[in-house]
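Structural characterization, general
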Amino acid sequence: MEYLPIFLQLRGAKVLLVGGGTVGTRKARLLFKAGAIVSVVAPQINPELETALQEHKGQWQARSYTQTDLDDVTLVVAATPDAAINKRISEQAKKRSIPVNVVDSPQLCTFIFPSIVDRSPLVIAISSSGRSPVLARLLRRKIEAMVPAAYGRLAEFAGRMRDRVKQHIPSESPRRIFWEQVIEGRVGEMVLAGREEQAEKQLQQQLSDTAASAHHGEVYLIGAGPGDPDLMTFKAVRLLQSADVVLYDRLVSQPIIELARRDAQRIYVGKARADHSVPQPEINQLLVDLALTGQRVVRLKGGDPFIFGRGGEEIELLEKNNIPFQVVPGITAASGAACYAGIPLTHRDYAQSVRFVTGHLKAGGSEHDWSQFRSTSETLVFYMGLAGLPVICEQLQSCGRSPDTPVALIERGTLQEQRVIVGTLATMVDIVRRENPRAPTLIIVGDVVQLHEKLAWFGNS
């Protein structure tokens, strides 16, 4: 993030605008809407700007810029056609620690103007960090179509009711949940329809009902998919953004964790081979304990919660303690990583079935009946198999699979850092030892791996 998005209170503040052309006039309009007292310095100015200055009690000094114009100024906008003057204004403003914007010169700015969707008091700002103002404006038009003008009325209503709700529901988490129900429910619809008196009565009724009942927490078991945040479901993102607490492990990518609310508590409960930072029974109990405090708790799990994710163990304890929960399925690693590697798990000419197998070995061995893995028409997908790869390759050959059987190891599947390492049962151990991949990885065994070179479409696969 190159710029921190903030909203400045400029009502009554003195703002200097250097330049009085068309571009400067556009900036002045925004400053006037924010209530700023605008002082323009320019030899000539646009007639529209002159009229606006008279209307908003601004000032025009018909001369060139001097450094003393920065005295007692809160904000500076440079919009002259002279690059040298703009640069001088920027340097002098920075020395005084005055926020400065130089139009169309992001490198000279300490702040930039975003594209704005104005539903005051609801204001939505979009920025491309100065890279593509056109793209920001296009996105603004899309958002404008999605956010009716009446949302400003809804924001005003919520502001008027804020203290009343806080008095009835002093705890932050239950209060936020109440507001979500209000805004997305009947009260919100009434306000948007202009029926604010009825909306206020309905809100009061909901407050009375809420005060009469205890608030219970809830747990959302969410499949985060194989890594790419775009592969998460709408429901998964919606529930993640409503969470008070997020428990996540090492298989969940950072971009997905960043989708949570900024004020949500984040708890790392990751487990790596031979390094269980939080044992599974403690994770199970932590979900219960957090929910009993009335919080909405998200358990983020890489892939799908019910495919080698131990999700069943976690919800068993929730059910035993009468904790309400929801399970949101995710794209399992086998499907996501294979697709992004260009390896179909089934194919009419190569494989008519697929089997998901845990590659996690206990005490150097495995409980698998390897004789079940002989079929050349079945694709095998091993989860958590990096450390056990030598045993996997050895056992599959011992049970009758050809040493020439193709094998692919996918590292960090679906992410930009994705890497696909290809070999055979006979060669894969040496190749992996040389390439030294790091978890998370997925191993695919079968003739479908031959299609990788032809069908690879993503990244550097």
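Since we're looking at a predicted model, the values are computed, not measured. (Residues numbered from 1 in each chain as written. Predicted model: local features only at pLDDT ≥ 70, side-chain atom pairs only at ≥ 80, totals over all residues. Heavy atoms only, no water.)

Focus: the state of the cysteines
One pass over the structure, following the stated rule, counts 0 disulfides. You can see Cys399 has no disulfide; the closest cysteine sulfur is in Cys393, sitting 12 Å from it. Judged by relative accessible area, Cys399 falls into the buried class, the value being 14%. (Disulfide = S-S within 2.5 Å. Buried < 20%, exposed > 50% of the residue type's maximum accessible area, 1.4 Å probe, protein only.)

Regarding helix H15 (residues 428-435)
Within the span of H15, buried status applies to Met428, Val429, Ile431 and Val432. Seen along its axis, H15 keeps its buried residues to an arc of 165°; they face one direction. Seen from the open side of H15, the exposed residues pointing more than 90 degrees away from its buried face are Arg433 and Arg434. Buried residues along H15 sit against helix H14 (389-398), strand S17 (406-411) and strand S18 (419-424). Just beyond H15, the residue with positive phi is Asn436, at close to 50°. (Helix = DSSP H or I, 4+ residues; strand = E, 2+ residues; numbered from the N terminus. Arc of directions from axis to C-beta. Contact = heavy atoms within 4.5 Å.)

Points about the sheet that holds strand S14 (residues 325-328)
Strand order in the open sheet formed by 5 strands is S10-S9-S13-S8-S14, with parallel pairing between adjacent strands. Single-partner strands in this sheet number two, and they are strand S10 (265-268) and S14. Sheet twist, expressed as the average angle between the axes of neighbouring strands with direction ignored, equals 15°. Note: strand S8 (residues 218-223) against strand S13 (residues 296-301), 6 bridges, orientation parallel. What sits directly across from Leu221, in S13, is Arg299. (Pairing = 2+ DSSP bridges. Axes fitted to C-alpha atoms, helices over the stretch in contact; angles between N-to-C directions.)

Points about unusual backbone geometry
Peptide bonds are mostly trans, and most non-glycine residues show a negative phi. Here the residue pair Ser120 and Pro121 is connected by a cis peptide bond, since its omega of 5° sits within 30 degrees of zero. Here Pro121 lies in the loop between strand S6 (115-119) and strand S7 (122-126). In this structure, the amide linkage connecting Ala439 to the following residue, Pro440, adopts the cis form with an omega of 5°. On the secondary structure map, Pro440 appears in the loop between H15 and strand S19 (441-445). In the Ramachandran plot, Arg412 falls in the positive-phi region, its phi being about 50° despite a non-glycine side chain. If you trace the backbone, Arg412 turns up in the loop between S17 and S18. Its relative accessible area of 31% is what places Arg412 among the partly exposed residues.

Some details on the pattern of salt bridges
Taken as a whole, this structure holds 23 salt bridges when the rule is applied. A salt bridge links Arg96 to Asp71, with the shortest nitrogen-to-oxygen separation between them at 2.7 Å. A residue pair is termed long-range when its members are at least 10 positions apart, and Arg96 in the loop between helix H3 (83-95) and strand S5 (100-102) and Asp71 in the loop between strand S3 (59-61) and strand S4 (75-78) qualify at 25 residues. Measuring nitrogen to oxygen at the nearest pair gives 3.9 Å for the salt bridge that ties Asp244 to Arg261. Of this pair, Asp244 sits in the loop between helix H9 (234-240) and strand S9 (245-248) while Arg261 is found in the loop between helix H10 (254-257) and S10, placing the two residues 17 residues apart along the sequence. Neither Asp244 nor Arg261 differs from the other in exposure class; each is buried. (Salt bridge = Lys/Arg side-chain N within 4 Å of Asp/Glu carboxyl O.)

What to know about helix H2 (residues 47-55)
Buried within H2 are the following residues: Leu49, Ala52 and Leu53. Taken around the axis of H2, the buried residues stretch over an arc of 100°, which confines them to a single face. Among the exposed residues of H2, those pointing more than 90 degrees away from its buried face are Pro47, Gln54 and Glu55. Taken together, the buried residues of H2 touch strand S1 (14-18), helix H1 (22-33), strand S2 (37-41) and S3. Backbone nitrogen of Glu48 and a side-chain oxygen of the N-cap are separated by 2.8 Å at the start of H2; the cap is Asn46. Directly after H2, the chain includes Lys57, whose backbone phi takes a positive value near 60°. (Polar contact = N/O pair within 3.5 Å; in protein donor to acceptor, adjacent residues only side chain to side chain.)

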